[in-house]
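Per-entry structural report
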Amino acid sequence: MERHYTLTRLLKRLIAWVLPFALIGWLLDLLWPALAVAFASAVIWHLFYFHRLNHWLWQSRTMLPPQAPGAWSDIYDGIYRTLRRAQIKRRQLSILLQRFRQAAEAIPDAAFVIESDGTLVWSNKLAQIYFGLRWPADRGIRITNLIRYPRFLKYFEIADFDEPITILDPVGEQRDIEMRFMPYTDTQLLVIARDITQLRKLERLRKDFVANVSHELKTPLTVMNGYLELLQDSEGVPPAMVKKAVHDMNLQNQRMQKMVEQLLTLSRMEGQMQDTFTKKVAMVTLIQEVIAELQPIIQAKNIALHVDMSATDAVLGNEEKLRAACSNLITNAIKYGKESGHLRVAWYRVGQFAEFSVEDDGPGIETEHLPRLTERFYRVEKDRNSASGGTGLGLSIVKHALEHHRSYLQIESAPGQGSRFFFRIAPELLVSAN
Ligand code: ADP
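Quick caveat: nothing in here was measured; it's all calculated off a predicted structure. (Residues numbered from 1 in each chain as written. Predicted model: local features only at pLDDT ≥ 70, side-chain atom pairs only at ≥ 80, totals over all residues. Heavy atoms only, no water.)

Turning our attention to the overall build of the protein chain. Secondary structure assignment for the protein chain yields twelve helices and 13 strands. Scaling as 2.2 N^0.38, a compact globule of 434 residues should have a C-alpha radius of gyration of about 22 Å, whereas the protein chain reaches 44 Å, well beyond that. A total of 434 residues make up the protein chain; the buried ones form 37% of that total. Here the contacts in the protein chain between residues at least 6 apart in sequence split such that 58% fall between residues at least 24 apart. (Helix = DSSP H or I, 4+ residues; strand = E, 2+ residues; numbered from the N terminus. Rg over C-alpha atoms; globule rule 2.2 N^0.38 Å. Buried < 20%, exposed > 50% of the residue type's maximum accessible area, 1.4 Å probe, protein only. Contact = heavy atoms within 4.5 Å.)

In structure tokens form, the structure reads like this:
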């Protein structure tokens with residue numbers, strides 16, 4: 001059981017020590033000398049243990065106090081318990097510090113702590129990568145000597161940390177880094193920095209996308225508005241004009257409808273999780289169905305169709321996407337191919353791969369446009385295509401559909417030489433159609 005120091009106990013001990021001396025002194029009629037001996041021996045005894053305490057505190061390496069009788073055992077116990085408590089606290093603090101450091105390393109952001117005068121106190125690994133800080137070599141160095149980016153220096157000088165600051169990666173990679181300064185302790189600031197390159201890119205894409213859609217919808221809406229205004233007072237309008245107005249409005253309407261459908265297809269494809277590649281898509285049947293659907297326009301344009309289905313392979317993948325890819329490529333070849341021209345559609349083997357290819361003898365495409373054809377809304381000649389009802393979305397649908405099958409669209413084309421659009425499916429996604 002733990003014993004505690006009390007004044008009563010101390011007094012009792014003193015009395016217990018002095019009383020025998022006093023009693024003997026009184027009996028021998030030597031009370032005062034006996035008391036003097038009692039107190040002197042008490043002082044010597046205490047001096048001895050006082051010396052042992054000092055020796056233990058300053059020279060001994062052990063935490064355990066030496067054995068001592070009486071009041072000194074209370075003192076030793078008291079000191080020992082205080083030391084133990086401090087030791088446990090220290091251990092808890094160091095565990096806490098270690099956890100904080102581990103947490104700071106685990107966060108996906110760069111973090112460092114600086115004093116209010118700007119000297120570096122601590123930094124995590126990511127901060128060392130983003131800002132080229134060295135740890136612990138840079139500890140105590142002013143941050144403005146370590147991150148020399150002018151915008152950062154100015155921001156730090158003004159010291160208005162309410163708004164974050166974005167800087168271009170000071171280490172030289174083209175990254176946008178957003179930094180936020182937060183009070184940490186009374187005298188320190190915690191700085192969190194994150195790579196927002198991707199976020200900015202997405203934001204730019206979103207803005208471009210909204211601007212593109214609005215722009216694309218503006219033209220048909222303007223045309224339709226013009227005609228509607230004209231038709232409001234239809235009495236003075238010649239019948240031929242009315243017929244043309246209805247025809248044009250119909251075309252614009254179809255174009256808008258197609259654009260909305262294609263946008264929905266794109267957003268559906270983007271929203272779909274990675275395919276599991278368990279469904280078998282019979283490519284030969286799929287291509288024949290697509291051709292059958294497009295037969296009326298092939299005939300209307302008097303196009304000679306040549307089909308080569310020498311590959312019998314089916315593809316493990318998503319039927320809707322593969323249909324969209326084939327259908328868009330064949331439709332384009334018909335749309336941009338010349339009247340009474342030739343169209344070749346093929347599904348055949350190239351080594352271990354199977355290739356889908358569509359070839360036309362249309363106007364062909366200038367090399368500079370080729371890399372951009374799969375961008376959303378990208379069209380080579382906007383005027384010509386908008387007359388043909390083009391939206392610039394077909395090939396971006398193809399690109400998405402193929403990405404899901406670990407494939408990509410390849411184009412061979414030159415002005416006046418026709419075009420060949422094709423993609424290859426890797427052997428691991430090919431299976432026998434039966
Ligand atoms: P669109 O709806 O305009 O056809 P696409 O994304 O399908 O949109 O095609 C993008 C552009 O690529 C078209 O506007 C056209 O200029 C060009 N293009 C596509 N296929 C062909 C082709 N077979 N021959 C010539 N140009 C083509």
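The rest of the description comes next.
Approximately 980 Å³ is the volume attributed to the largest pocket. In terms of lining residues, the largest pocket is bounded by 42 residues, among which N328, N332, K335, Y336 and G394 are the most central. Among the secondary structure elements, those contributing two or more residues to the lining of the largest pocket are α8 (239–271), α9 (283–300), α10 (319–336), α11 (382–387), α12 (394–403) and β12 (419–425). A per-element tally of the lining of the largest pocket places α10 first, with nine residues. (1 Å grid on protein atoms, 1.4 Å probe; cavity = no way out; pocket = protein on both sides within 12 Å on 5 of 7 lines; lining within 4 Å. Points joined across faces, edges and corners; volume = space filled by probe spheres on them.)

Among the surface-exposed residues, Y5, L7, L10, L11, L14, I15, L19 and F39 lie close enough to one another that they form a single nonpolar patch of about 790 Å² accessible area. By residue number, the principal contributor to the nonpolar patch is helix α1 (residues 7–27), which donates six residues. Looking at where L11 falls in the secondary structure, it is placed in helix α1. (Patch = residues over 30% accessible without salt bridge, like charges linked within 9 Å, V, L, I, M, F, W, Y side chains within 5 Å. Areas by Shrake-Rupley, 256 points an atom, 1.4 Å probe, with all protein chains shown as cover. Salt bridge = Lys/Arg side-chain N within 4 Å of Asp/Glu carboxyl O.)

Another point: the pattern of salt bridges. Scanning the entire structure with this criterion turns up 16 salt bridges. Here D74 and R13 are joined by a salt bridge, their closest N and O atoms 3.5 Å apart. Of the two residues, D74 sits in helix α3 (residues 70–106) while R13 sits in helix α1, which places them 61 residues apart along the sequence. Here R13 falls in the partly exposed class, since its relative accessible area comes to 29%. Residue E412 pairs with R420 through a salt bridge whose shortest N-O separation is 3.1 Å. With relative accessibility at 43%, the residue E412 sits in the partly exposed group. For R420, a relative accessible area of 14% translates into the label buried. A cluster of three or more residues bridged by salt bridges with shared partners is formed by E355, E412, R420 and R424.

A few words on the sheet that holds strand β13 (residues 430–432). Taken in spatial order, the three strands line up as β6-β8-β13 in an open sheet, and their pairing is antiparallel. Among the strands making up the open sheet, the edge pair consists of β6 (280–281) and β13. (Pairing = 2+ DSSP bridges.)

The subject of this paragraph is the packing of helix α2 (residues 31–58) against α3. One can describe the packing of α2 onto α3 by two numbers: an axis separation of 11 Å at closest approach and a directional angle of 15°. With respect to α3, the axis of α2 lies roughly parallel. Here the hand of the crossing between α2 and α3 comes out right-handed. Every residue of α3 that contacts α2 at W45, H46, Y49, F50, R52, L53, W56 and L57 is listed here: W72, I75, Y76, I79, Y80 and L83. (Axes fitted to C-alpha atoms, helices over the stretch in contact; angles between N-to-C directions. Parallel < 35°, antiparallel > 145°, perpendicular 65-115°, else oblique. Left-handed = near helix turned anticlockwise from the far one by under 90°.)

Right, let's get into unusual backbone geometry. Omega for the bond connecting W135 with P136 falls within 30 degrees of zero, at 5°, which places this linkage in the cis form. Along the chain, the position of P136 falls in the loop between α4 (125–131) and α5 (143–146). In this structure, N302 takes a positive phi of about 55° despite not being glycine. As for its position among the elements, N302 is in the loop between α9 and β7 (304–308).

Position of D109 relative to the elements: it lies in the loop between α3 and β1 (110–115). Along the sequence, D109 and D195 sit 86 residues apart, while their C-alpha atoms lie 7.6 Å from each other.

This paragraph deals with the domain arrangement of the protein chain. Structurally, the protein chain comprises domain 1 (7–97), domain 2 (107–195), domain 3 (208–271) and domain 4 (280–432). A C-alpha centroid distance of 53 Å is found between domain 2 and domain 3. (Domains from an automatic or database assignment.)

On the surface, R151, R200, K201, R204, R206 and K207 cluster together to form a positively charged patch. Note on placement: R206 falls in helix α7 (residues 197–232). (Lys, Arg positive; Asp, Glu negative; His and termini not counted. Charge placed at Lys NZ, Arg CZ, Asp CG, Glu CD.)

It is worth spelling out the side chain of H369 at this point. Summarising the element assignment, H369 is placed in the loop between β10 (353–360) and α11. Owing to a relative accessible area of 13%, H369 belongs among the buried residues under this scheme. Residues contacting H369, with those up to four places away along its chain left out, are Y378 and V380.

Turning our attention to the sheet that holds strand β9 (residues 342–350). What the five strands build is an open sheet, ordered β7-β9-β10-β12-β11; its pairing is mixed. The outermost strands of the open sheet, each flanked by one partner alone, are β7 and β11 (410–413). Along the sheet, successive strands turn relative to each other by an average axial angle of 15°, direction set aside. Bridge analysis of β7 against β9 gives five bridges, and the strand direction is parallel. By the bridge assignment for β9, L305 is matched with L343. Here α10 sits on the sheet and contacts β9, β10 and β12; the angle it forms with β10, its principal contact strand, is near 25°.

Bringing the nonpolar core into the picture now. Counting 50 residues, the largest nonpolar core has I287, L329, I330, L343, W347, F356 and F423 as the members making the most contacts within it. Of all the secondary-structure elements, those providing two or more residues to this core are α8, α9, β8 (313–316), α10, β9, β10, α12 and β12. Per-element tally for this core: the top contributor is α10, with eight residues. Taken domain by domain, the makeup of this core includes at least three residues from each of domain 3 (208–271) and domain 4 (280–432). Ranked by size, the runner-up nonpolar core spans 22 residues in total, among them F152, L189, V191 and A193. (Core = buried A, V, L, I, M, F, W, Y, C linked by side-chain atoms within 4.5 Å.)

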